[in-house]
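# Examination of the molecular architecture
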Amino acid sequence: NEEVITNFSTLLTTNDGGHLVRSEIIVQNLGRQDLHSQLKCHATNNNRTHPLEATVHVDMNFMPLDVRILGASQPLSAGRRYDLLCQSSGSRPPASITWTLDGQRLERTKETMRSHLLYQGLTFLSSVHDMRIERSGRTT
């Protein structure tokens, strides 16, 4: 999927009179499918020796692809306990999940990781005051 948009070489002379060849490429449009791929540079100057090579391994960070709240598919009622789960997937490294209520961070949460999904759980005892507050699970 990657596309090389620039590929050029330059011959340089070093301070001691030797030569240095520099080849530069610019790769654009790297995507998730390119994670852990390898780019190799091969150097040779004749057909009698094996070329030397250098390798770089592609490592990338990704933002979450999805975040959702589980356990809140219907309106919440005052005076009841709710166990809510915020699920985030697709990020690398795993997302940091925080819960807020009326702009205040909630601290008593549990975090678990299951097959590349990060879950942040919240036990919530609602009150009449809380019913006007919109619930939110946010990745940062």
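Note that the structure is predicted; figures quoted are calculated from it, not measured.

### Quick look at the overall build of the chain
- Secondary structure summary: the chain contains zero helices and eleven strands in total.
- Ordering the α and β elements of the chain from the N terminus gives β-β-β-β-β-β-β-β-β-β-β.
- The 140 residues of the chain split such that 19% are buried.
- At a minimum sequence separation of 6, the contacts of the chain that also span at least 24 residues come to 51%.
- Split by element, the accessible area of the chain, about 10,900 Å² in all, is 50% carbon and sulfur.

### Examining the nonpolar core
- In this structure, Ala72, Leu76, Tyr82, Leu84, Cys86, Ile97 and Trp99 together form the largest nonpolar core, which totals seven residues.
- Listed by contribution, the elements that provide at least two residues to this core are strand S6 (81-89) and strand S7 (97-101).

### Quick look at the environment of Arg105
- Here Arg105 shows up in strand S8 (residues 104-106).
- With a relative accessible area of 53%, Arg105 lands in the exposed category.
- What Arg105 contacts, discounting residues up to four positions off in sequence, is Thr98, Trp99 and Thr100.

### Topic: unusual backbone geometry
- Geometrically, the link from Arg92 to Pro93 is a cis peptide bond, its omega value of 0° lying close to zero.
- Relative to the assigned elements, Pro93 resides in the loop between S6 and S7.
- The phi dihedral of Asn29 is positive, around 65°, even though this residue is not glycine.
- Note on placement: Asn29 falls in the loop between strand S2 (19-28) and strand S3 (38-43).
- Phi at His36 takes a positive value of approximately 70°, unusual for a residue other than glycine.
- Relative to the helices and strands, His36 is located in the loop between S2 and S3.

About the cut-offs
Residues numbered from 1 in each chain as written. Predicted model: local features only at pLDDT ≥ 70, side-chain atom pairs only at ≥ 80, totals over all residues. Heavy atoms only, no water. Helix = DSSP H or I, 4+ residues; strand = E, 2+ residues; numbered from the N terminus. Buried < 20%, exposed > 50% of the residue type's maximum accessible area, 1.4 Å probe, protein only. Contact = heavy atoms within 4.5 Å. Areas by Shrake-Rupley, 256 points an atom, 1.4 Å probe, with all protein chains shown as cover. Core = buried A, V, L, I, M, F, W, Y, C linked by side-chain atoms within 4.5 Å.

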